[in-house]
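So the chains spell out like this:
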Amino acid sequence: MRYFITGTAGFIGFHLARRLLQEGHDVTGFDGLTPYYNVKLKEMRHAALSQFPAFKPVIAMLEDRPALEAAVLAAKPDILIHLAAQAGVRYSLENPEAYLRSNVEGSWNIMEIARRVEIRHLMLASTSSIYGANATVPFRETDRADEPLTIYAATKKSMELMAHSYAHLHKIPTTAFRFFTVYGPWGRPDMALFKFTKNMLEGQPIEIYGEGNMSRDFTYIDDLIEAIVRLSAVVPSEENRLENTAVETLSHQAPFRVVNIGGGQPVSLMDFVETVEKALGHPAIRKMLAMQKGDVPRTFAAPDLLVALTGYKPDTTLDVGVKAFVDWYLDVRSELNA
Ligand SMILES: O=C(O)[C@H]1O[C@H](OP(=O)(O)OP(=O)(O)OC[C@H]2O[C@@H](n3ccc(=O)[nH]c3=O)[C@H](O)[C@@H]2O)[C@H](O)[C@@H](O)[C@@H]1O
């Protein structure tokens, strides 16, 4: 099959593209290589993908509609998976504009192009952050999610809403998935696991926000990819509307569905820190800090819809996943920092 994936130099896009290429599919990867974090890591990811002859990289920004359109038209994709974004919860306080450009304007460009080409399935990456500080757990896709705490969450929610209208008007089968703190090898340097591991190896203190009183439904990257691959085959339509209406989010107006991808096993931040300490074999120098503006106190996915649609839910334990990250980091750190 032919896939068009945005964000292939990013953490999740890289893993998804590699898995699909390994399975023999054609992948066009569209990425702006933005300098939000170490571009070397992004280049290393693309270099690894370029070993597959069926990988075609296109370097341009999502906001560049002509470049995006030309790339999609040339790729003639069966499935378009939009993972490129300005990510990061806390950075959205510093640079809100980057989020509007990438997540709103860039995502709208994707939709405008998707309505002009025949694709089987449009898939969009959203985030658990849109649940804000919802008091009821686990977070269900049917919960209200309209009290975002950051412009990051607000832009992702906006993308979901725009996508619903495009799915309705132009009959584009669309799945928006909400990710829950994805981690693992090739992960993002702005995220906790990367920062903690790097600092601990360098003998530097790690900053623990919210005095450690937070929890996250951490999702291991391979589990996330498995879920995306399975969901790609479940094209939203009336034919596959679930009988269990309590979990179903398929719109009554459009071929549009929102799905959580999380295992429903939240871990406290201090247990997470201890897992990293165990993987590295020594304790961290802990610097306890107050809650950071925009952070949500906890995330906790209800995986029922994902299970109903795919028969699968993420289940890699934190011990295994953190160890895999540490092994990868030890392997690449000299190249990364060169
Ligand atoms: O899936 C999601 O909804 C979100 O998950 C992550 O956001 P976050 O949960 O903040 O992920 P991390 O940066 O890995 O932080 C995990 C936990 O560690 C804490 N943390 C992070 C960094 C740090 O230096 N210290 C620290 O205590 C955070 O406050 C949070 O409680 C991603 O950065 C977002 O792009 C994504 O949308």
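In the annotation of an unreviewed UniProt entry, the entry for the protein chain reads UDP-glucuronate 4-epimerase, and the organism field reads Rhizobium esperanzae.

*Asks:* Before we go on, may I ask you to explain the overall build of the protein chain in this structure?
*Replies:* Looking only at helices and strands, one finds 11 helices and 13 strands in the protein chain. Taken over the C-alpha trace, the protein chain has a radius of gyration of 19 Å; the compact-globule value for 338 residues is 20 Å, and the two agree within 12%. C-alpha atoms of the protein chain, sized along the principal axes, occupy 55 × 45 × 35 Å. Evaluated residue by residue, the protein chain yields a buried proportion of 55% over its 338 residues. Contacts in the protein chain between residues at least 24 apart in sequence constitute 82% of all its contacts with a sequence separation of at least 6. Carbon and sulfur atoms form 52% of the exposed surface of the protein chain, whose accessible area is close to 14,100 Å². For the protein chain, the distance from the average position of its 35 positive side-chain charges to the average position of its 40 negative side-chain charges is 2 Å.

*Asks:* Please clarify how the environment of Thr 181 should be interpreted in this entry.
*Replies:* With respect to the element layout, Thr 181 can be found in the loop between strand S6 (174-179) and strand S7 (182-183). Taking the C-alpha atoms as reference points, Thr 181 and Ile 228, separated by 47 residues in sequence, lie 15 Å from one another. Excluding anything up to four places from it in sequence, Thr 181 contacts Met 191, Arg 216, Phe 218 and Thr 219.

*Asks:* Would you take a moment to explain the side chain of Thr 299 for this structure?
*Replies:* Relative to the helices and strands, Thr 299 resides in the loop between strand S13 (286-288) and helix H10 (304-310). Engagement of the side chain of Thr 299 in a polar contact is seen with the backbone nitrogen of Asp 217, the distance being 3.0 Å. Among residues more than four places away in sequence, those in contact with Thr 299 are Ser 128, Phe 139, Phe 180, Ser 215, Arg 216, Asp 217 and Pro 266.

*Asks:* What am I meant to see in the pattern of salt bridges here?
*Replies:* When charged atoms on two side chains of opposite charge get close, those side chains can pair. One pass over the structure, following the stated rule, counts 20 salt bridges. Notably, a salt bridge pairs Glu 112 with Arg 115, separated by 3.2 Å at the nearest N-O pair. Arg 115 sits in the partly exposed class, given a relative accessible area of 38%. Arg 230 serves as the salt-bridge partner of Glu 226, at 2.8 Å between the closest nitrogen and oxygen. Here Arg 230 and Glu 226 lie together in helix H8 (residues 221-232), a separation of four residues that amounts to about one turn. Sharing partners across several salt bridges, the network here consists of Arg 19, Glu 23, Glu 226 and Arg 230.

*Asks:* Looking at this model, I keep getting lost on the UniProt feature "domain: NAD-dependent epimerase/dehydratase" (unreviewed entry) in the protein chain. Mind explaining?
*Replies:* Sequence positions flagged by UniProt for "domain: NAD-dependent epimerase/dehydratase" (unreviewed entry) are, in local numbering, residues 4-232. The span residues 4-232 is 43% helical and 17% strand by assignment, and the distance between its end C-alpha atoms comes to 12 Å.

*Asks:* Would you explain the pairing of S6 in this entry?
*Replies:* Most of S6 sits out of view: six of its six residues are buried. Here S6 shows a buried face lined by Thr 174, Ala 176 and Arg 178 and a second buried face lined by Thr 175, Phe 177 and Phe 179. In this sheet, S6 lies alongside strand S5 (residues 121-127) in parallel orientation, the contact comprising six bridges. Counterpart to Leu 122 in the pairing with S6 is Thr 174. Both S6 and strand S11 (residues 256-261) contribute to a ladder of six bridges, which runs parallel. From the neighbouring strand, Arg 178 faces S11, where its bridge partner is Asn 260.

*Asks:* Sorry, what's going on with the nonpolar core here?
*Replies:* Across soluble globular proteins, nonpolar side chains show a tendency to be buried alongside one another. Counting residues in each nonpolar core, the largest one holds 67 residues, and the members touching the most others are Ile 12, Ile 81, Phe 177 and Phe 179. Among the elements that take part in this core, helix H11 (residues 318-337) stands out by supplying eight residues, more than any other. When neighbours within four sequence positions are excluded, Ile 81 is seen to be in contact with Tyr 3, Phe 4, Ile 5, Thr 6, Leu 16, Met 123, Phe 177 and Ile 228. Ranked by size, the runner-up nonpolar core spans 27 residues in total, among them Leu 62, Val 72, Met 111 and Val 117.

*Asks:* Sorry, what's going on with the site of the ligand here?
*Replies:* Taken together, 23 residues sit near the ligand, with Ser 128, Tyr 152, Thr 181, Glu 207 and Asp 295 positioned nearest. Contact distances for the ligand include 2.5 Å between an oxygen atom and a side-chain N or O atom of Tyr 152. In the model, an oxygen atom of the ligand is placed 2.9 Å from a nitrogen or oxygen of the Tyr 209 main chain. Within the complex, the protein chains bury 96% of what would otherwise be the 690 Å² of accessible surface of the ligand. Put simply, the parts of the chain that give the shell around the ligand at least two residues each are helix H7 (192-201) and strand S8 (206-208). For the shell around the ligand, the leading source of residues is H7, giving three residues. By residue class, the composition of the shell around the ligand is 12 nonpolar, five polar and six charged.

*Asks:* Help me understand helix H3 (residues 65-75) in this model?
*Replies:* Residues lying three or four places apart along an α-helix face the same way, a consequence of the helix completing one turn every 3.6 residues. Within the span of H3, buried status applies to Leu 68, Ala 71, Val 72 and Ala 75. One side of H3 holds all its buried residues, which, seen down the axis, span an arc of 95°. Counted as exposed and oriented over 90 degrees from the buried face of H3: Pro 66 and Ala 74. Those residues of H3 that are buried lie in contact with strand S1 (2-6), strand S2 (26-31), strand S3 (55-59), strand S4 (79-82) and helix H5 (96-114).

Reading the values: the criteria
- Residues numbered from 1 in each chain as written.
- Predicted model: local features only at pLDDT ≥ 70, side-chain atom pairs only at ≥ 80, totals over all residues.
- Heavy atoms only, no water.
- Helix = DSSP H or I, 4+ residues; strand = E, 2+ residues; numbered from the N terminus.
- Rg over C-alpha atoms; globule rule 2.2 N^0.38 Å.
- Buried < 20%, exposed > 50% of the residue type's maximum accessible area, 1.4 Å probe, protein only.
- Contact = heavy atoms within 4.5 Å.
- Areas by Shrake-Rupley, 256 points an atom, 1.4 Å probe, with all protein chains shown as cover.
- Lys, Arg positive; Asp, Glu negative; His and termini not counted.
- Charge placed at Lys NZ, Arg CZ, Asp CG, Glu CD.
- Polar contact = N/O pair within 3.5 Å; in protein donor to acceptor, adjacent residues only side chain to side chain.
- Salt bridge = Lys/Arg side-chain N within 4 Å of Asp/Glu carboxyl O.
- UniProt positions renumbered as here; feature names shortened; annotations may be inferred.
- Pairing = 2+ DSSP bridges.
- Core = buried A, V, L, I, M, F, W, Y, C linked by side-chain atoms within 4.5 Å.
- Near = heavy atom within 4 Å.
- Nonpolar A, V, L, I, M, F, W, Y, C, P; charged D, E, K, R; others polar.
- Arc of directions from axis to C-beta.

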